[in-house]
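The residues making up each chain are set out below.
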Amino acid sequence: MDCDLVIAGAGPIGLATAIHACSRGLSAVVLDRRSSPEAKACGEGIMPRGRAALDAMGVSLPPLSFAAFPGIRFIDGASVAEARFHSGPGAGIPRTTLWRALAARAEAVGGTVELGAAVRNWTSGRDGIRVETDRGSLNARLLVGADGLHSRIRKLARLERPASRRRRFGVRQHFDIEPWTPFVEVHWSDGCEAYVTPVGPRSVGVAFLASGHGLRFADLRKRFPLLDERLAGATPRDRERGAGPFDQRTVRRYAARVALVGDAAGYVDPLTGEGLSLGFESARELVRTFTVGESLAAYDRAYRRAARIHVLLTKAMLSISARPTLRRWAIRQLALRPRLFEMFLAIHSNGTAAHIGTPSWPATRNAPAGGGRSAAGKPLHHSSARGPAR
Ligand SMILES: Cc1cc2nc3c(=O)[nH]c(=O)nc-3n(C[C@H](O)[C@H](O)[C@H](O)COP(=O)(O)OP(=O)(O)OC[C@H]3O[C@@H](n4cnc5c(N)ncnc54)[C@H](O)[C@@H]3O)c2cc1C
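Keep in mind the model is a prediction, meaning the values are calculated, not measured.

Caption draft 1: Broad picture of the overall build of the chain. A count of helical and extended segments in the chain gives 10 helices and 22 strands. Counting every position in the chain, which comprises 390 residues, the buried fraction comes to 51%. Across the chain, the fraction of contacts at a sequence separation of at least 24, relative to all contacts at a separation of at least 6, is 74%.

Caption draft 2: Main features of the sheet that holds strand β4 (residues 67-69). Taken in spatial order, the three strands line up as β3-β7-β4 in an open sheet, and their pairing is antiparallel. Looking along the sheet, the strands with just one partner apiece sit at the ends: β3 (45-46) and β4. Judged from the three bridges that link them, β4 and strand β7 (residues 90-92) form a sheet pairing that is antiparallel. Its bridge partner lying in β7, Ala 67 is registered against Gly 92.

Caption draft 3: Looking closely at the environment of Gly 273. Structurally, the position occupied by Gly 273 is in the loop between β22 (258-260) and α7 (275-291). With 231 residues separating them in the primary sequence, Gly 273 and Cys 42 have C-alpha atoms 9.2 Å apart. When sequence neighbours within four positions are dropped, the list of residues in contact with Gly 273 reads Gly 43, Gly 45 and Met 47.

Caption draft 4: Molecular detail of the site of the ligand. Around the ligand, a shell composed of 41 residues is seen, among which Gly 11, Gly 43, Gly 170, Gly 262 and Gly 275 lie nearest. Among the secondary structure elements, those contributing two or more residues to the shell around the ligand are α1 (12-23), β2 (28-32), β3, β14 (168-176) and α7. Among the elements that take part in the shell around the ligand, α7 stands out by supplying four residues, more than any other. In terms of residue class, the shell around the ligand is built from 18 nonpolar, 13 polar and 10 charged.

Caption draft 5: Representation of the environment of Glu 107 in the model. Of note, Glu 107 is situated in helix α3 (residues 95-108). Glu 107 sits in the partly exposed class, given 17 other C-beta atoms within 10 Å. For the pair formed by Glu 107 and Cys 22, sequence separation is 85 residues and the distance between their alpha carbons is 9.2 Å.

Caption draft 6: Broad picture of the packing of α1 against α3. Contact pair α1 / α3: the axes reach a minimum separation of 9 Å and the direction vectors enclose 25°. When the interaxial angle is binned, α1 and α3 end up roughly parallel. The interaxial crossing formed by α1 with α3 has left-handed handedness. Note on element contacts: α3 touches α1 through Leu 98, Trp 99, Leu 102, Ala 103, Arg 105 and Ala 106, opposite Pro 12, Leu 15, Ala 16, Ala 18 and Ile 19.

Caption draft 7: Quick peek at the sheet that holds β22. Taken in spatial order, the six strands make up an open sheet running β8-β2-β1-β12-β22-β21, and their pairing is mixed. In the strand order of this sheet, the two ends are held by β8 (112-115) and β21 (254-255), each with one partner. The pairing of strand β1 (residues 5-8) with strand β12 (residues 142-145) spans four bridges and is parallel. Bridging from a neighbouring strand, Val 6 pairs with Leu 143 of β12. Sheet contacts for α1: β1, β2 and β12; angle to β2, the most-contacted strand, approximately 170°.

Caption draft 8: Spatial organisation of α7. When the terminal C-alpha atoms of α7 are compared, their 24 Å separation across 17 residues agrees well with the 24 Å that a helix rising 1.5 Å per residue should span. Taking burial as the measure, the 17 residues of α7 include 16 buried ones, the bulk of the element. One or two positions beyond α7, positive phi appears at Gly 293, with a value near 85°.

Caption draft 9: Local environment of the pairing of β1. Residues Leu 5 and Ile 7 line one face of β1 and the alternating positions Val 6 and Ala 8 line the opposite face, and both faces are buried. Bridge analysis of β1 against β2 gives four bridges, and the strand direction is parallel. When the sheet's bridge partners are listed, Val 6 is paired in β2 with Val 29. The handedness of the β1 to β2 crossover, carried by α1, is right-handed.

Caption draft 10: Region of interest: unusual backbone geometry. A cis geometry characterises the amide bond from Gly 244 onward to Pro 245, with omega recorded as -5°. Within the secondary structure, Pro 245 sits in the loop between β19 (241-243) and β20 (249-250). One non-glycine residue, Glu 44, lies in positive phi territory at about 65°. Classification of Glu 44 as buried rests on a count of 29 C-beta atoms within 10 Å. If you check the backbone angles, Leu 64 has positive phi at about 65° while not being a glycine. In this structure, Leu 64 sits in the loop between α2 (48-57) and β4. By the C-beta count within 10 Å, which is 10 here, Leu 64 ends up exposed.

What counts and how
- Residues numbered from 1 in each chain as written.
- Predicted model: local features only at pLDDT ≥ 70, side-chain atom pairs only at ≥ 80, totals over all residues.
- Helix = DSSP H or I, 4+ residues; strand = E, 2+ residues; numbered from the N terminus.
- Buried ≥ 20, exposed ≤ 12 C-beta atoms within 10 Å, placed from the backbone.
- Contact = placed C-beta atoms within 7 Å.
- Pairing = 2+ DSSP bridges.
- Near = placed C-beta within 6 Å.
- Nonpolar A, V, L, I, M, F, W, Y, C, P; charged D, E, K, R; others polar.
- Axes fitted to C-alpha atoms, helices over the stretch in contact; angles between N-to-C directions.
- Parallel < 35°, antiparallel > 145°, perpendicular 65-115°, else oblique.
- Left-handed = near helix turned anticlockwise from the far one by under 90°.
- Expected span 1.5 Å × (residues − 1).
- Right-handed = clockwise from strand over helix to strand, strands pointing away.

Below is the structure:
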């Protein structure tokens, strides 16, 4: 056996899977088809439970490389609704910063990260799985598909389910400008939402979500005069990047010696900004299930339980966003009743307003233990878990 886990995809969730695996004494090789997978279209707002997941993995971020946000602000015409998280702030983290921190942690706990090498195919056997990659084959106990929204592993394992007819896409860009608010702002308009995330002392990320192919950042920006005015004169830091269609469905999240995590496990829409948080938790739960010898079906059940509320809320918000009159009314109600908005955020973050601060997956069972080993079997020494500076 070359290693315990071969992980296809060195995005945040593939790297998180490697961190959890190596922290539990398993060996993991992460492969990415791209030679620089750091940057990707993303709103970059990590919710409090995702931030807690980073802390638990011992991922440390350089000070001033991200921005803590206390809550969410909705802006729809004259209505402005704002609510704070009960469970501590979220973090606006540029994807490149997040990627480097996760990759450094994965390697520090003994994971091997190989870039520019795609997973092509595999053969499952009784005792293991032989994974074919651009750099030859690897024998492992489990292949993890962490290969994103358009997962090849999901497709080859025949785990895909037809998506809805809704075809939403996203496009984002960064600007050199001092954030005008510490909150993540969501600007609503008919058929399009704009996410504004502070990601540093002088940097703001703007992501638009809308239906239809070929979205152009400059066109979408004009739909939001207030935002357009704020950004006037700000220098774009990078080129625009797009992603989608978002809606990707799975029949289940496992096949023989294959499991899916992160976006590969299924996705609805970035509207609720929970993709990374849910993905980190799915990585942790998969590794826990595998380590204690439970079946992959048990992982699948835990995934469905944890994702249920998130999927329901995202679909409800999509449905509201598609009905302008209802949307305007709903945001007016949230503006008039801030407690209602806070409850919504608490349910969104924790699955229930009654358990503010409690993660939806059991957290303590699988916090990384010290002393993993590398793919070569060498013992490792961990630094203690440190989270982002606040
Ligand atoms: C516009 C937009 C805004 C968003 N906003 C937020 C937000 O504010 N907060 C939040 O939490 N989430 C947000 N999300 C969602 C978040 O970006 C995703 O949930 C997250 O990136 C999923 O990570 P992942 O590791 O599963 O997949 P990815 O980040 O897509 O990584 C998958 C990796 O797999 C690699 N790969 C693909 N095929 C292969 C193969 N065959 N072999 C090897 N490697 C392969 C790819 O190169 C890629 O690097 C947003 C998404 C979009 C599009």
